[in-house]
Amino acid sequence: GVCANTDTLMRRNRRFGGDEKRVDSRTIYVGNRPCPATETFIPPKFCDNRIVSSKYTIWNFLPKNLFEQFRRIANFYFLIIFLVQVIVDTPTSPVTSGLPLFFVITVTAIKQGYEDWLRHKADSEVNKYPVRVLEDGQPARKDSEKIKVGDIVEVVEDETFPCDLILLQSSRDDDTCFVTTASLDGESNHKTHYTVPDMEKDLQSLSATIECEQPQPDLYKFVGRMHIYKPEHDPAVRSLGPENLLLKGATLKNTKKIYGVAVYTGMETKMALNYQGKSQKRSAVEKSINAFLLVYLCILISKAVVCTTLKYVWQSQDGQDEPWYNQKTEKEKGTILVSRMFTDFLSFMVLFNFIIPVSMYVTVEMQKFLGSFFITWDRDFFDPEIEEGALVNTSDLNEELGQVEYVFTDKTGTLTQNNMEFIECCIDGFQYTAFSSELDSFWCMFDTFPLSLCQEKEELFLRALCLCHTVQVKEAGPDELGGDQVDGPASEPLRPAEQRGFIASSPDEVALVKGAMRYGFTFLGLESKTMKIKNWQNDVEEYELLHVLNFDPVRRRMSVIVRSKSGDTLLFCKGADSSIFPRVRPEEVERIRMHVQRSATEGYRTLCVAYKRLSVDEYAAADAGLREARLALQDREEKLMAVYNQVETAMSLIGATAVEDRLQEEAAQTMEALQGAGMKVWVLTGDKMETAKSTCYACRLFRRSTELLELTVRTLESGGRRREEMLHDLLFDFHRKAVFLCSVTSSWSSANPEYGFIVDGAALALVMNPSPDTNCSRYRSLFLQICQNCTAVLCCRMAPLQKAQIVKMVKNSKGSPITLSIGDGANDVSMILEAHVGIGVKGKEGRQAVRNSDYAIPKLKHLRKLLLAHGHLYYIRIAHLVQYFFYKNLCFILPQFLYQFFCGCSQQPLYDAAYLTMYNICFTSMPILAYSLLEQQIAIEVLLDNATLYRDIAKNAMLRWGPFLYWTVLAVFQGLIFFFGVKYLFSNPALQDNGQVFGNWSYGTIVFTVLVFTVTLKLALDTRHWTWINHFVIWGSLAFYVVFSFFWGGIIWPFLKQQRLYFVFFNMLSSVSAWLVIILLIVLSLLPDILLGVLRKPRGPHTQQVARLLARPSPCLYIAAPPPTHPPPFFFYTVRFFPSPIAARSVLPY
């Protein structure tokens, strides 16, 4: 089974940065065979390879689910009331509270059980996936969950790795393999991994052990060593690093087959350790409901205490304790006073219990469940490319969509398509635009420039693009001619000799190689350290690849050293302008700088290209230095960096390139709308900083006027001091700029400077987990304040769990802002689960994000309508629903409380039991349900055109204490009118034609009639968007009350022991006085709302826009219908003519 200490292990290892000292290590026997014959073989115990993402099992579902549901204050309260009604003799039946409670618990349990069953199903698909394992030298098939640590696993091309493996053998001649890690860090480019050096080809005879660190979640770190045992030889030791580790969830590419040994399995894989466990999310509205419930619970207890006290005060008077008509039983006489007082207190609690709206939870559950279908049915969310619409996985958070303050978005596949395209280049100060695939277009800029010099520079530039990269060529099949693994199919058909695809570690490298190919220089591939290119004369040139100086985020450049057939040794270098310009001749910079700045302003990714001819001595020194550094086991990276910096000097600048990373459709407009709505957008990505920064500019999150504050490895190492010291200085400097100076400036100027904040994973690790001698909480506080005062934040090189840490830090900050995370890959699952609302994008990187999200949409652009329209309306509806329920129940129970002052606090009900039971269930439930599903106080078009309207409901504006107090005062006012208005009517000595007077049940029935009509008509006054459904349920509910009262009081029911309302309703309506009082009290109760609606002037930023839309004269026909893939019932269709689009509202709110 899954090892018991997995949770402890995950908690212990969920940290980044800091010292690399291992708490413990594990020893793995390759092939699970004892290695040295002299040592005792003790099989180690590790987790199996099962993945568990589900929450319940068949055994713990009932107790665990019931425990979670009764954590709700209301559910627990109703359980207590139900038990009191069962145990104590109370004025009302236990059915009145037990039946609604049972309904709510059952419906919620079924829904949550179904969702968890889907997770069990997804886990089973992964765990039962067939894999091949070497047993006794022969491949054997078994389920993925049966893989053990130490097994040698075979993986073929395009398969995902079933666990974390150390690469032992590859089918490629150069002992490498290529993988994509899109589901882990969001990068769909290819990464190169290497086999253990000097590994034997015959794995059956391999005798080896691996000593490595215990599982930890950092995707980019791994430390270990391998001991290889040979007969009559000392054990050979090989160093293992992240370049040898193949991670679970990554996919094998451009390699036919590999063999690897399992080192981490199941819940101990790095992917599983980055998985954030799914917990039950609760909306801010539910928290407000709980707060309001506490207030009403205090009111309820106060009422019960007052009535209990007054009852015994009244009974203490002479003759009132035991009147002649109500003698005590022997049991009552034998009961002590305290016990009788407590029983009476509980009876009053049950009598006034209806002030707590039990049916509200039933209505809220139905509103959320039915309301979620409107998102699914929305035709604007339907994407014809994938032929799918939006998906709702959790309907509990609909209203939370209208309260979002922070949006955390992934970059690759969410903001961008990860589809690079070569746009233009600049050579020696002259611009070339890729507007044509004809070769002649390349010469159009040089009418006044010497032709021979032009051609020489151009050829050198194009050779640099063809040679300075790590691109691999893959022969394309008949169905993928000209395609590549990063950039999609080529834009034009290739000639037969070029029918091949490209794969690379970066998508922009493919774009540059394809850009050079467009102008006649084609990269043909790398064979045995020889790079071949074809120039525009169709001649094949060969260059020996001597060294590759890899890209890293600190240098921000990469280089290759090659030797031509003529014997010249050349270094070609490309990188960011800030990295290249200081290393070339100053006089060459100015000719290129202007073009680089212009391209960057337009949102393109720019790279500068330089070269250098190396003399024999220079190359010999560089070659010796590189070989020595690569053999070092200690400080290898620092030694390589020193050699790189030494050789990449005094270069000649050739030109620059501009590459566009295509954004998702309407990505920039969506980000602008979200910022206009008052949301702060943070980009969390595992990609490089340069790529992510360009995307932020293209999405208009960063603008040219934005001052960027950078907290990355590069800035931490730029001062020549310890990272912790630089971190301290930078945080305080950024805090002074973004927080202190901004607050000072805002006090005397309206134009505040805009700041953007950039942080990478390594810097974040120092902030979240600094060294023991630093103040951790102080660093976090400064970091959070800086982020919150910036217009946009970019977090790059983030591990999946670090994304969740960022979200959690903001979520738990002061004010508890509502957070939303959106992503499309498995690397985004942790932050999707951590945020209040998780959105999955149905992208190209699998459906892990969709399965673990609360809502799924086909494209990023759909987020705008989901929040600004659906979220806005959902919040307004449910906020009105909650306030209305408390209001109508206070109206209901206040006359019952006042009645106790006139009946000796004898617990005499004012209303009949049927009215008590059916008030919330039948008479007043359907109108508010229809309102909460269909109401549109503001039209969809206005909400989408004016994003600032979203700010009007921000921070739970409609469920604050101010609106709650207004509704409470209104309920008290109307409750007093109901009771004392009818009491004034009863002061008339004769109310019927025969001279008889009404009794107490007639009194209660008149009060109840005024109550039902008032609260229903109050909702009608609040309704702005009328449909035939609203008309049907509002007037139908009133008609049902009248018809029910006639039948309930007009027939002798045999199952009733006593029939209190027999002909009461008939007699009441036979009195003209009763009719007049009912009408008068209804009008008087609604008068404040009527006057408020007439006298209140429209206000707010949307008033002028609404007026403009109303002024449009052209009529329109609006047909409300969902997409054909999700047909609703027939009654959701309507066709109506309207004078203007603002009034074009249908039964469907969308």
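Note that this is a predicted model, so its numbers are computed, not measured.

Rules behind the numbers
- Residues numbered from 1 in each chain as written.
- Predicted model: local features only at pLDDT ≥ 70, side-chain atom pairs only at ≥ 80, totals over all residues.
- Heavy atoms only, no water.
- Disulfide = S-S within 2.5 Å.
- Buried < 20%, exposed > 50% of the residue type's maximum accessible area, 1.4 Å probe, protein only.
- Core = buried A, V, L, I, M, F, W, Y, C linked by side-chain atoms within 4.5 Å.
- Helix = DSSP H or I, 4+ residues; strand = E, 2+ residues; numbered from the N terminus.
- Contact = heavy atoms within 4.5 Å.
- Expected span 1.5 Å × (residues − 1).
- pLDDT = per-residue confidence, 0-100.
- Pairing = 2+ DSSP bridges.
- Axes fitted to C-alpha atoms, helices over the stretch in contact; angles between N-to-C directions.
- UniProt positions renumbered as here; feature names shortened; annotations may be inferred.
- Phe/Tyr/Trp six-rings, centres within 6.5 Å; stacked < 30°, edge-to-face > 60°.
- Lys NZ or Arg CZ within 6 Å of the ring centre and 35° of its normal.
- 1 Å grid on protein atoms, 1.4 Å probe; cavity = no way out; pocket = protein on both sides within 12 Å on 5 of 7 lines; lining within 4 Å.
- Points joined across faces, edges and corners; volume = space filled by probe spheres on them.
- Nonpolar A, V, L, I, M, F, W, Y, C, P; charged D, E, K, R; others polar.
- Lys, Arg positive; Asp, Glu negative; His and termini not counted.
- Salt bridge = Lys/Arg side-chain N within 4 Å of Asp/Glu carboxyl O.
- Polar contact = N/O pair within 3.5 Å; in protein donor to acceptor, adjacent residues only side chain to side chain.

With respect to the state of the cysteines
The final tally for this structure, using the stated rule, is 0 disulfides. The thiol of Cys787 is not disulfide-bonded; the next cysteine sulfur, from Cys795, is found 6.2 Å away. For the unlinked cysteine Cys790, the closest cysteine sulfur is that of Cys787, found at 6.6 Å. Overall, the relative accessible area of 2% leaves Cys790 in the buried class.

Regarding the nonpolar core
In this structure, Met360, Val882, Tyr911, Phe1008 and Leu1011 are the most contacted members of the largest nonpolar core, which totals 94 residues. If you tally residues by element for this core, the top one is helix H26 (residues 862-899), at 18 residues. The contacts of Phe1008, once residues within four sequence positions are left out, are Phe892, Tyr911, Tyr915, Tyr919, Phe923 and Tyr1041. By size, the runner-up hydrophobic cluster in this structure holds 63 residues, among which are Met671, Val837, Leu866 and Leu929.

Observations concerning helix H23 (residues 800-811)
Along its 12 residues, H23 runs 17 Å from first to last C-alpha, staying within 8% of the 16 Å computed at 1.5 Å per residue. Taking burial as the measure, the 12 residues of H23 include 11 buried ones, the bulk of the element. By the burial criterion, the buried members of H23 are Pro800, Leu801, Gln802, Lys803, Ala804, Gln805, Ile806, Val807, Met809, Val810 and Lys811.

A short note on the confidence of the model for the chain
Scored by pLDDT, the chain has a mean of 77; 79% of the residues are at 70 or more. Between residues 485-499, whose pLDDT stays under 50, and residues either more than four places distant or in other chains, the model counts 40 contacts. Long-range and interchain partners of residues 1099-1150, a stretch whose pLDDT sits below 50, account for 118 contacts in this model, where long-range means more than four residues apart.

So, the environment of Gln883
By secondary structure assignment, the location of Gln883 is in helix H26. Residues Gln883 and Leu965, 82 residues apart in the sequence, show an inter-C-alpha distance of 9.8 Å. Dropping the residues within four chain positions of it, Gln883 is found in contact with Phe292, Met958, Leu959, Arg960, Pro963, Phe964 and Trp967.

With respect to the sheet that holds strand S29 (residues 755-760)
Read from one edge of the open sheet, 9 strands run S14-S33-S32-S31-S15-S27-S30-S29-S28, paired in mixed fashion. With partners counted over all chains shown, the strands left at the sheet margins are strand S14 (391-392) and strand S28 (707-711), one partner each. Pairing geometry for strand S15 (residues 406-409) and strand S31 (residues 819-823), over 4 bridges, is parallel. From the neighbouring strand, Phe408 faces S31, where its bridge partner is Ser821. Most of the contacts of helix H21 (residues 761-768) go to S29, to which it runs at about 90°, and overall it touches S28, S29 and strand S30 (792-796).

Considering the UniProt feature "active site" (unreviewed entry) in the chain
UniProt records the feature "active site" (unreviewed entry) at Asp410, using the numbering of this structure. Judged by its relative accessible area of 0%, Asp410 is buried. Those residues in contact with Asp410 that lie beyond four places of it in its chain are Leu415, Leu684, Thr685, Lys803, Ile822, Gly823, Asp824, Asn827, Asp828 and Met831.

Regarding the packing of aromatic side chains
Describing an aromatic ring pair means giving the distance of the ring centres and the angle of the ring planes. Taken as a whole and judged by the stated rule, the model has 40 aromatic pairs. Seen in terms of ring centroids, Phe292 and Trp961 are 5.3 Å apart; in terms of plane orientation they differ by 70°. Their pairing is edge-to-face. Separated by 669 residues along the polypeptide, Phe292 in helix H7 (residues 284-315) and Trp961 in helix H30 (residues 961-985) bring together distant segments of the chain. For Phe292, a relative accessible area of 1% gives the class buried. Within the aromatic cluster, the residues linked to one another by ring pairs are Phe892, Tyr919, Phe923, Phe1008, Phe1040, Tyr1041 and Phe1044. In this arrangement the basic side chain of Arg563 is found over the ring face of Tyr619, its NZ or CZ atom lying 5.3 Å from the centre.

So, empty space enclosed by the protein
Scanning the model with the defined rule gives 12 cavities of 30 Å³ or more in all. Quantified by volume, the second largest cavity comes out at close to 80 Å³. Every residue lining the second largest cavity is listed: Arg72, Val285, Glu286, Ile289, Tyr361, Val364, Glu365, Lys368, Asp396 and Ile878. Breaking the lining of the second largest cavity down by element, the ones donating at least two residues are H7 and helix H10 (358-377). It is H10 that provides the largest number of residues to the lining of the second largest cavity, a total of 4 residues. Of the residues that constitute the lining of the second largest cavity, the class distribution is 5 nonpolar, no polar and 5 charged.

Regarding the pairing of strand S22 (residues 540-549)
Two strands pair when backbone bridges link them, and strand S21 (residues 530-534) and S22 are joined in this way by 5 bridges, in the antiparallel orientation. Bridged to Lys534 within S22 is Val540. The turn joining S21 and S22, which pair antiparallel and follow one another in sequence, is formed by 5 residues; a positive phi near 65° is taken by Asn538. With 6 bridges connecting them, S22 and strand S23 (residues 557-564) associate as antiparallel partners. From the neighbouring strand, Leu545 faces S23, where its bridge partner is Val562.

Looking at the pairing of strand S4 (residues 152-156)
Where burial is concerned, most of S4 is hidden: 4 out of the 5 residues are buried. Bridge analysis of strand S2 (residues 130-135) against S4 gives 3 bridges, and the strand direction is antiparallel. By the bridge assignment, Val133 is partnered in S4 with Val153. As paired strands, S4 and strand S13 (residues 257-264) are joined by 5 bridges and run antiparallel to one another. Its bridge partner lying in S13, Val153 is registered against Gly260.

So, the side chain of Lys888
You can see Lys888 is positioned in helix H26. One buried charged side chain, Lys888, makes no salt bridge at all; its nearest oppositely charged neighbour is Asp1022, positioned 13 Å away. Separated by 2.4 Å, the side chains of Lys888 and Asn920 make a polar contact. Within the structure, the side chain of Lys888 is placed 2.9 Å from the side chain of Thr924, a separation counted as a polar contact.

Let's talk about the pattern of salt bridges
Scanning the entire structure with this criterion turns up 39 salt bridges. The partner of Lys55 in a salt bridge is Glu68, with the nearest N and O atoms 3.3 Å apart. Here Lys55, found in the loop between strand S1 (25-29) and helix H2 (61-69), pairs with Glu68, found in helix H2; they are 13 residues apart in sequence, far enough to count as distant. Residue Lys55 shares its accessibility class with Glu68, and that shared class is buried. Three or more residues are tied together by salt bridges with common partners; here these are Arg132, Glu154 and Glu159.

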